[in-house]
Amino acid sequence: MQEEMIKSEKSKIVSEMAAAVAHEIRNPLTTVRGFIQLFGTDDLDKQKREFYQKICLEELDRAQLIITDYLSLAKPDPEIIETITINDEINYLSNVLMTYANYNNIQINRILPEDHQQLRVVGDRYKFRQALINIGKNAIEALPDGGVLEMQAACKNGQAVIIIRDNGIGMTPEQIKRLGTPYYSTKEKGTGLGTMVSFGIIKKMSGKIEITSELGVGTEYTLTFPRVN
Ligand code: ADP
Ligand code: MG
């Protein structure tokens, strides 16, 4: 009974997410379509053409990021459990978020272990990526006037630690408590599902989540996973 409820809740979330994604992708597509039509105009000077092209590329990147954000939900089970190297995933995350960060005037800093130590954990790579992308995306969205997003990999007490830090708007203790619960969002276009998806994935990997935040100062997510060789 309970399992059925969870299942139906899950498919409800997936279909609502699908609707939200469709909506968010339609906007950039409409913009790109309009500009491609403009390309057909005869008296278009080079400067304008380059400007339109730049917008088109940015809009397509945005659409791609939205798809990336929800990738793992669309991916059917069973999961493929493998060894994941955190250092590589931090680099991947930084690349995926780069366009979104540039768009918002945000600098991404990566901090990897100084001794080039490779930190490995076990889990489904695509879900793990999804978990990090959703947290990183929130950090970027917490920096409306630009700022710094830091992604750090470290070994602490023999465990693999990932820290995602922003110097953005921050949260109150009450807001922190609501993280990970479905449909909690303070954003106009938020789905309120990002942290729920992330936390679910991290917990399934036996990971621990710690969040510290202060209004107007910033937020720090510390994710701790069992380390493997
Ligand atoms: P959404 O991003 O669609 O709003 P999420 O589940 O990803 O949904 O996040 C829920 C809420 O948690 C956000 O609306 C925001 O208020 C808050 N939040 C999450 N991460 C941060 C952060 N790094 N800084 C400030 N607020 C955050
Ligand atoms: Mg989010």
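Computed from a predicted model, the values in this text were never measured in an experiment.

### Describing the packing of helix 5 (residues 125-141) against helix 7 (residues 194-204)
Phase 1: Running from amino to carboxyl end, helix 5 crosses helix 7 at an angle of 140°, the nearest separation of the two axes being 8 Å. Here helix 5 is positioned oblique relative to helix 7, judged by the angle of their axes. Along this stretch, helix 5 crosses helix 7, giving a crossing that reads as left-handed. Contact with helix 5, carried on its side by K127, F128, Q130, A131, N134, I135, K137 and N138, involves G194, T195, V197, S198, I201 and I202 of helix 7 and no other residues of that element.

### Looking at the sheet that holds strand 6 (residues 208-214)
Phase 1: Read from one edge to the other, the open sheet built from five strands follows the order 2-4-5-7-6, with strand pairing classed as mixed. A strand with exactly one partner marks an edge of an open sheet, and here the two such strands are strand 2 (106-111) and strand 6. Adjacent strand axes in the sheet meet at a mean angle of 10° when their direction is disregarded.
Phase 2: Pairing of strand 5 (residues 159-166) with strand 7 (residues 218-225) involves seven bridges; the strand directions are antiparallel.

### A look at unusual backbone geometry
Phase 1: Of note in the backbone geometry, N105 takes a positive phi value of approximately 65° without being a glycine.
Phase 2: Along the chain, the position of N105 falls in the loop between helix 4 (86-103) and strand 2.
Phase 3: We classify N105 as exposed; it has 11 C-beta atoms within 10 Å.

### Some thoughts on the confidence of the model for the protein
Phase 1: Per-residue confidence for the protein averages 86 on the pLDDT scale, and 85% of its residues sit at or above 70.
Phase 2: Complex prediction metrics read pTM 0.75 and ipTM 0.99.

### Here's the deal with the site of ligand 1
Phase 1: Near ligand 1, the surroundings consist of 23 residues, among which N138, A142, S185, G190 and G194 are the closest.
Phase 2: Secondary-structure elements contributing two or more residues to the shell around ligand 1 are helix 5 and helix 7.
Phase 3: In terms of residue class, the shell around ligand 1 is built from eight nonpolar, 13 polar and two charged.

### Focus: the environment of S185
Phase 1: With respect to the helices and strands, S185 occurs in the loop between helix 6 (173-178) and helix 7.
Phase 2: By the C-beta count within 10 Å, which is 14 here, S185 ends up partly exposed.
Phase 3: For the pair S185 and T195, spaced ten residues apart in the sequence, the C-alpha separation amounts to 9.8 Å.
Phase 4: Setting aside residues no more than four positions away along its own chain, S185 makes contact with G190, T191 and G192.

### Some words on the nonpolar core
Phase 1: Core analysis: the biggest nonpolar cluster contains 33 residues, and I86, A139 and I140 have the highest contact counts within it.
Phase 2: Listing elements by their share of this core, those giving two or more residues are helix 4, helix 5, strand 4 (147-156), strand 5, helix 7 and strand 7.
Phase 3: Once you skip the residues sitting within four places of it in the chain, I86 turns out to touch L119, R120, V121, A153, A160 and I162.

### A look at helix 4
Phase 1: When the terminal C-alpha atoms of helix 4 are compared, their 26 Å separation across 18 residues agrees well with the 26 Å that a helix rising 1.5 Å per residue should span.
Phase 2: For helix 4, every residue scored as buried is listed here: I86, I90, L93, L97, Y100 and A101.

What counts, and at which threshold
- Residues numbered from 1 in each chain as written.
- Chains lettered and ligands numbered in written order.
- Predicted model: local features only at pLDDT ≥ 70, side-chain atom pairs only at ≥ 80, totals over all residues.
- Axes fitted to C-alpha atoms, helices over the stretch in contact; angles between N-to-C directions.
- Helix = DSSP H or I, 4+ residues; strand = E, 2+ residues; numbered from the N terminus.
- Parallel < 35°, antiparallel > 145°, perpendicular 65-115°, else oblique.
- Left-handed = near helix turned anticlockwise from the far one by under 90°.
- Contact = placed C-beta atoms within 7 Å.
- Pairing = 2+ DSSP bridges.
- Buried ≥ 20, exposed ≤ 12 C-beta atoms within 10 Å, placed from the backbone.
- pLDDT = per-residue confidence, 0-100.
- Near = placed C-beta within 6 Å.
- Nonpolar A, V, L, I, M, F, W, Y, C, P; charged D, E, K, R; others polar.
- Core = buried A, V, L, I, M, F, W, Y, C linked by C-beta atoms within 7 Å.
- Expected span 1.5 Å × (residues − 1).

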